[in-house]
Amino acid sequence: MKPSDIGLSARVRGIEPSGIRRIFELMAEMQDPINLSIGQAHYDPPPELVDAACKAMRDGFNRYTVTQGLPELNALVLDDVQRRFGRRPESCLLTSGVSGGLLLSFLCLLDPGDEILLPDPYFVMYKHLATLCGATVKYYDLYPERDGERFRVDLAQVEAMVTERTKIVFVNSPSNPTGAVLRRGEIEGLCKAAERVGAWVVSDEIYDLFCYVDDYASPVEFTDRCIQLGGFSKSYGVPGWRMGYATGPAKVLDALKTLQQFSFVCPPAPFQYALLQTMQHIDLTPYREQYRHKRELLARELHPAYALSPSEGAFYAFPRLPRNAAGEQVSSDVFVEAAIADKLLIVPGKAFSARDTHFRVSFAASDEDLQKGIAVLNRLATKFA
Ligand code: PMP
């Protein structure tokens, strides 16, 4: 039966299944894989956070909360944003993960025919949600000019791309999949380009904790026309809790809230209480420092076999696929299949990009798994050289 025979909406028919679904299928069949394909922290959540969630459930916090989430938790999030960026957005809405915030922001801002500027490479969800809204996606290129240099924004390119139809200029720093952190000037330039044509900046800051360079900047510092999306999934090790937040001007956050009322209703109540009780007391620095060490390990051990741009944030590295002496690159399918034959799971770069030149390694893994994965990668580099 064709999808059109079932009666699926045109909206859903426009969405292709994830390019990395095959990896998940293979993973389910494999015994003891070396899994460097995962997009979540490898540690358990802080015990006091889990205790607070259990207590909240036992104490009866199992009912709906108000749509925007507990006012005290909203205030804590805004305090934190103000402390870090020196500006306090007008309003905050607790969301069902950053995914919930993304869906609500796109639905509230994008009409069919509107344009959204996404980075390339990008986190897979963005383009599908934009398609769902009938928007036209344009990509601004982040690839470095030379192998091994940092992924960067070409502001002249962005300036040339924005038009009066541009509704959202999208920012994701630290980035999934590249691990790049945008420089202050790049963020400011993106905000200026958006402001010039009256567009909004939507900023996915889910990896903000995992930043290994000084001077992390957010669009919040440069423009009021910004929806900032942040979350607890990665930093607190609780992706299954579905807890995130959106901040921004009240006029747009009110629209997100109305839509939340008729969709997600409210984020999970006991987890809101747990975060409210513990957020201010939990120091996440030791968790971040583990990843700082792991990214250094990976960079050191993959050199010189792979051209690798520095991972400045998140828990991803995005090396170039090997090339032989004639400069011909191995196809990502062949490379990933060869890795899988050696029990190593990684993700081909084409799942996140129009280009098929890189692959994503997640270092959210034990040092032991990381070392095993590095050994496989170094063998593959020799094999395909
Ligand atoms: N944005 C990025 C860049 C991500 O990597 C992810 C999770 N992989 C999300 C958003 C979604 O996160 P959440 O669990 O908060 O919905």
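Residues numbered from 1 in each chain as written. Predicted model: local features only at pLDDT ≥ 70, side-chain atom pairs only at ≥ 80, totals over all residues. Heavy atoms only, no water.

Draft legend 1. Expanded view of the overall build of the chain. Each helix and strand counted, the chain has 14 helices and 12 strands in total. Against the 2.2 N^0.38 benchmark of 21 Å for 385 residues, the chain shows a C-alpha radius of gyration of 21 Å, consistent with a compact globule. For the chain, the spread of C-alpha atoms along the three principal axes comes to 60 × 55 × 50 Å. Residues classed as buried in the chain amount to 54% of the 385 residues present. (Helix = DSSP H or I, 4+ residues; strand = E, 2+ residues; numbered from the N terminus. Rg over C-alpha atoms; globule rule 2.2 N^0.38 Å. Buried < 20%, exposed > 50% of the residue type's maximum accessible area, 1.4 Å probe, protein only.)

Draft legend 2. Highlighting the sheet that holds strand S12 (residues 359–362). Reading across the sheet, the 3 strands line up as S9-S12-S11 and stay open at both edges, with antiparallel pairing between neighbours. Where the open sheet ends on each side, the last strands, each with one partner, are strand S9 (316–317) and strand S11 (347–348). In this sheet, S12 lies alongside S11 in antiparallel orientation, the contact comprising 2 bridges. The residue bridging proline 348 from the neighbouring strand is phenylalanine 359, located in S12. (Pairing = 2+ DSSP bridges.)

Draft legend 3. Looking closely at the pattern of salt bridges. One pass over the structure, following the stated rule, counts 28 salt bridges. Arginine 87 is the partner of aspartate 224 in a salt bridge, and the nearest nitrogen-oxygen pair spans 2.7 Å. Here the residue aspartate 224 occupies a position in the loop between strand S6 (200–204) and strand S7 (226–231), and arginine 87 occupies one in the loop between helix H5 (71–85) and strand S2 (91–95), the gap between them amounting to 137 residues. A relative accessible area of 53% places aspartate 224 in the exposed class. Judged by its relative accessible area of 30%, arginine 87 falls in the partly exposed class. Note that aspartate 141 and arginine 355 form a salt bridge whose closest N and O atoms lie 2.8 Å from each other. (Salt bridge = Lys/Arg side-chain N within 4 Å of Asp/Glu carboxyl O.)

Draft legend 4. The arrangement of the layout of surface pockets in detail. The computed volume of the second largest pocket comes to approximately 720 Å³. Lining the second largest pocket are 25 residues, and of these Asp80, Arg83, Arg84, Leu209 and Leu284 lie nearest its centre. Contributing elements (two or more residues each) for the lining of the second largest pocket: H5 and helix H12 (285–302). Ranked by the residues each element gives to the lining of the second largest pocket, the list is headed by H5, at 7 residues. Partitioning the lining of the second largest pocket into residue classes produces 13 nonpolar, 4 polar and 8 charged. Shared between two domains, the lining of the second largest pocket holds at least three residues of each, these being domain 1 (3–45 + 284–384) and domain 2 (48–278). (1 Å grid on protein atoms, 1.4 Å probe; cavity = no way out; pocket = protein on both sides within 12 Å on 5 of 7 lines; lining within 4 Å. Points joined across faces, edges and corners; volume = space filled by probe spheres on them. Nonpolar A, V, L, I, M, F, W, Y, C, P; charged D, E, K, R; others polar. Domains from an automatic or database assignment.)

Draft legend 5. Region of the structure containing empty space enclosed by the protein. This model, assessed by the stated rule, comprises 1 cavity of 30 Å³ or more. Its boundaries defined by the atoms lining it, the largest cavity holds a volume of some 40 Å³. Every residue along the wall of the largest cavity is listed here: Pro144, Asp147, Gly148, Phe151, Ala307, Leu308, Ser309, Phe318, Pro319, Arg320 and His358. A per-class count over the lining of the largest cavity returns 6 nonpolar, 3 polar and 2 charged. In this structure, the lining of the largest cavity is formed jointly by two domains, domain 1 (3–45 + 284–384) and domain 2 (48–278), each of which donates at least three residues.

Draft legend 6. Local environment of the domain arrangement of the chain. For the chain, the domain assignment lists domain 1 (3–45 + 284–384) and domain 2 (48–278). Of note, the centres of domain 1 and domain 2, computed from C-alpha atoms alone, are 24 Å apart. At the boundary of domain 1 with domain 2, total buried surface from both sides reaches about 3300 Å², with 58% on carbon and sulfur atoms. Counting the surface domain 1 buries against domain 2, the share from its top three residues, Pro45, Glu312 and Phe352, is 20%. Here domain 1 is connected to domain 2 by 5 salt bridges. In this structure, the salt-bridge partner of aspartate 147 is arginine 323, at a minimum N-O distance of 2.4 Å. Put simply, the parts of the chain that give the side of domain 1 that touches domain 2 at least two residues each are H12 and S9. At 4 residues, the largest contribution of residues to the side of domain 1 that touches domain 2 is made by H12. When its residues are assigned to classes, the side of domain 1 that touches domain 2 shows 18 nonpolar, 9 polar and 10 charged. (Buried area = accessible area lost by both parts, 1.4 Å probe.)

Draft legend 7. Representation of the packing of helix H13 (residues 332–341) against helix H14 (residues 367–384) within the structure. The contact between H13 and H14 brings their axes to 10 Å, and the two run at 135°. The angle between H13 and H14 places the two elements in the oblique class. Crossing handedness for the pair H13 and H14: right-handed. Contact residues: H13 offers Val334, Phe335, Ala338 and Ala339, while H14 offers Leu377, Leu380 and Phe384. When grouped by side-chain class, the residues that make up the contact of H13 with H14 number 7 nonpolar, no polar and no charged. (Axes fitted to C-alpha atoms, helices over the stretch in contact; angles between N-to-C directions. Parallel < 35°, antiparallel > 145°, perpendicular 65-115°, else oblique. Left-handed = near helix turned anticlockwise from the far one by under 90°. Contact = heavy atoms within 4.5 Å.)

Draft legend 8. View of unusual backbone geometry. With an omega of 5°, the peptide bond running from aspartate 120 to proline 121 counts as cis. Turning to its location among the elements, proline 121 is positioned in the loop between strand S3 (115–120) and helix H7 (125–132). Located in the positive-phi region is aspartate 215, a residue other than glycine, with phi close to 70°. A relative accessible area of 48% places aspartate 215 in the partly exposed class. A positive phi angle, near 70°, is found at valine 265, a position not held by glycine. The residue valine 265 is located in the loop between helix H10 (250–261) and helix H11 (269–278) in this model. On the basis of relative accessible area, valine 265 is assigned to the partly exposed category, the value being 32%.

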